[in-house]
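Residue-level structural notes
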Amino acid sequence: MSVSEPHKESWREWLMTDAPHSRGQARAAAWYHGWLTFRGNAMAMAGLIILVGLLLVAAFAPWLAPQDPFTQDLAGRLQPPGSEGHLLGTDSLGRDILSRLIYGSRITLYIVLLVALIAPGAGLLVGTIAGYAGGWIDVVLMRITDIFLAFPRLVLALAFVAALGAGIENAVLAISLTAWPPYARIARAETLTIRSSDYISAVKLQGAGPLRIIIKHIWPLCISSLIVRVTLDMAGVILAAAGLGFLGLGAQPPSPEWGAMISEGRKFILDHWWVATMPGLAIFTVSLAFNLLGDGLRDVLDPKSGDQG
Amino acid sequence: MALAEQNRGGRRGSPFLKHWVIPAGKTLVSIAATMLGLLFVTFVIGRVMPIDPVLSIVGESASKATYDAAREALGLDKPLVVQFFIYIGDVVRGDFGMSLLTAHPVSEDIKRVFPATLELATLGTLFGVVLGVPLGVIAAVKRGSWIDQVARVVALVGYSMPIFWLGLMGLLIFYGILGWVGGPGRLDIFYEDIVPARTGMILIDSALDGNWSVFRNAFSHIVLPATLLGYYSLAYISRMTRSFMLEQLSAEYITTARVKGLPERTVIWRHALGNIRVQLITVIALSYANLLEGSVLTEIIFSWPGIGQYITNALLSADMNAVLGGTVVVGLIFILLNIFSDLLYKFFDPRAK
């Protein structure tokens, strides 16, 4: 960046250089190296492509969906896949299943994004405070974390939703409430190693308070291991959300949430298999993509634990 | 905390105290804390719910006096802290209140439905262990071979498949199309109530009774849900076995054993596998706990009258006593299995000390 004279250096060479000229270049080079490693992992790339596809489908749902996901057509109910105008068939109210799947991707992404913000955020907060403060604060916070970690997640989420009332937001809250403890543990472990490092002492000597140290100097370093964990957990989140939807505790009809769609199709499973099969395939594909991506990211960001899974 | 205890142990100088009494005390405290935590959470859930438990008993049109009397009878007029202690006392005595749905005490209901879940989860875990451990071992020994790839795919699919959907597909294919297995429920209708319920687990009851036609029918009903449920523990157990085995196989004692000329079979199945048995038991206990919980959705699909279906039915009719009672029971078992696996690990693995 600082080099001003015209040179034939390509982007690639600029990124691959051993001697970066600026902080920006060094950072970009690090990203590029990570990307090269990641790109070599075919499975992880497959996961990434599926997820990018999901994002596009969700963003352009009104243009992609052949029909309105809520329009009922009782004359054309339970049409098999491949029938005219309905690539994946219709459900018991004659709604086009493909269109409902396309709109349902928005709900899935909404749930995933919310949980991916709330649960690691709460875990990061608890974990770094416990790790940095130490002493009795650490003991109390970690005791609480252990207690939550020992709970059965699905059953507890069920009970939460039962108390709060059914709905997407409450399902998100219930899932987050049961999902944060592992993040707290990871964040605490990272904090403990960072806390005693020299640069933290240096920042302290410059007069930084604990709040500033935690937010500006500890959080950024916890992020990468949290991201890996989040990606690996997202498959579980999708399955949990779909499970709650299936039980009628998540998104409410007529919302085209995939789990709820399976639940609707359940009644017809023996005669009209496609109603429940199609949304299940969608859930499977997306959670598989998250698992593949998570495995790949772990190899890139966290080479130490490469062979655990 | 740890330091203080070490000092105490050091000063008194009694190894018995240091190695047994203090760790045991610590474990008991942590069990108690975890269980108290669980009860606290269920208590809070029971308090924040939008349904007024008093109204659901006395009805909308009750007078103020009746309402207050019912409220007092339920103990809801006392301070929350007192209510919490009363709640703990009740749970310790096994009293979860009455179920609105069945009009029985919740504890009796749970006693009735729990064996069905236990039977399902046990069979599922058996399936997972019998297939998962050898699969994991072979995948580790022949790393990178096709069988390793198969194991990888099995695990990936297991981690990504919605369990209730897999159940539906299983029903569709093996019951609907092929007709190989019995349908939903534990027995066909004309086999019901033939054998006396001793354990509540039909396979065991019918075997004890020597009634093999009931046994066969029950088996044809349980085999599909148990296999599908077990698939999840297969995915988990095979993956963990593989990574434990890889760790062992790169150890020096394995090389020594090979150099000594021991047959490869002995090296792998006796030496390496023998050394991971504690870790394996830990993993199996954990996956058993997960299956007990995971059976909730499977039970719905297969109309299996276990605790998962009980909780869900109660949920849908706002029967909070039953929901919370069920949650507490599943939670306690889950916690106990967790702690049990932890203890096993500490007990048998000298490195963990």
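Residues numbered from 1 in each chain as written. Chains lettered and ligands numbered in written order. Predicted model: local features only at pLDDT ≥ 70, side-chain atom pairs only at ≥ 80, totals over all residues. Heavy atoms only, no water.

Remarks on the overall build of chain A
A tally of regular secondary structure across chain A gives 13 helices and 0 strands. Overall, chain A shows an N-to-C arrangement of helices and strands of α-α-α-α-α-α-α-α-α-α-α-α-α. Along the three orthogonal principal directions, the C-alpha set of chain A runs to about 75 × 60 × 30 Å. Buried positions account for 49% of the 309 residues belonging to chain A. Across chain A, every contact between residues at least 6 apart in sequence was considered, and the portion connecting residues at least 24 apart equals 67%. By element, 65% of the accessible surface of chain A is carried by carbon and sulfur atoms, the whole surface being about 14,700 Å². (Helix = DSSP H or I, 4+ residues; strand = E, 2+ residues; numbered from the N terminus. Buried < 20%, exposed > 50% of the residue type's maximum accessible area, 1.4 Å probe, protein only. Contact = heavy atoms within 4.5 Å. Areas by Shrake-Rupley, 256 points an atom, 1.4 Å probe, with all protein chains shown as cover.)

Points about unusual backbone geometry
Pro-254 of chain A follows Pro-253 of chain A through a cis peptide bond whose omega is 10 degrees. Turning to its location among the elements, Pro-254 of chain A is positioned in the loop between helix H11 (210–246) and helix H12 (258–266). Unusually for a residue other than glycine, Ser-303 of chain B sits at a positive phi of about 45 degrees. Looking at the element boundaries, Ser-303 of chain B is found in the loop between helix H13 (277–301) and helix H14 (307–316). Judged by its relative accessible area of 32%, Ser-303 of chain B is partly exposed.

Notes on the UniProt feature "transmembrane region" (unreviewed entry) in chain A
The sites that UniProt annotates as "transmembrane region" (unreviewed entry) are residues 42–65, 107–134, 154–180, 226–252 and 272–294 of chain A. The annotated region residues 42–65 of chain A carries 92% helix and 0% strand content, and the separation between its end C-alpha atoms amounts to 30 Å. (UniProt positions renumbered as here; feature names shortened; annotations may be inferred.)

Quick notes on the interface of chain A and chain B
Each side of the interface is counted separately: chain A has 43 residues, and chain B has 49 residues. Summed over both partners, the interface of chain A with chain B buries about 4,000 Å², with 77% contributed by carbon and sulfur atoms. If you sort the residues of chain A by the area they bury against chain B, Val-155, Ala-163 and Leu-247 of chain A come out on top, with a joint share of 13%. Where chain A touches chain B, the interface holds 5 residue pairs in polar contact (both at pLDDT 80 or more). Of all the secondary structure elements, the ones that give two or more residues to the side of chain A that touches chain B are helix H6 (135–149), helix H7 (153–164), H11, H12 and helix H13 (274–301) of chain A. Here the side of chain A that touches chain B is built from residues that sort into 31 nonpolar, 7 polar and 5 charged. (Buried area = accessible area lost by both parts, 1.4 Å probe. Polar contact = N/O pair within 3.5 Å; in protein donor to acceptor, adjacent residues only side chain to side chain. Nonpolar A, V, L, I, M, F, W, Y, C, P; charged D, E, K, R; others polar.)

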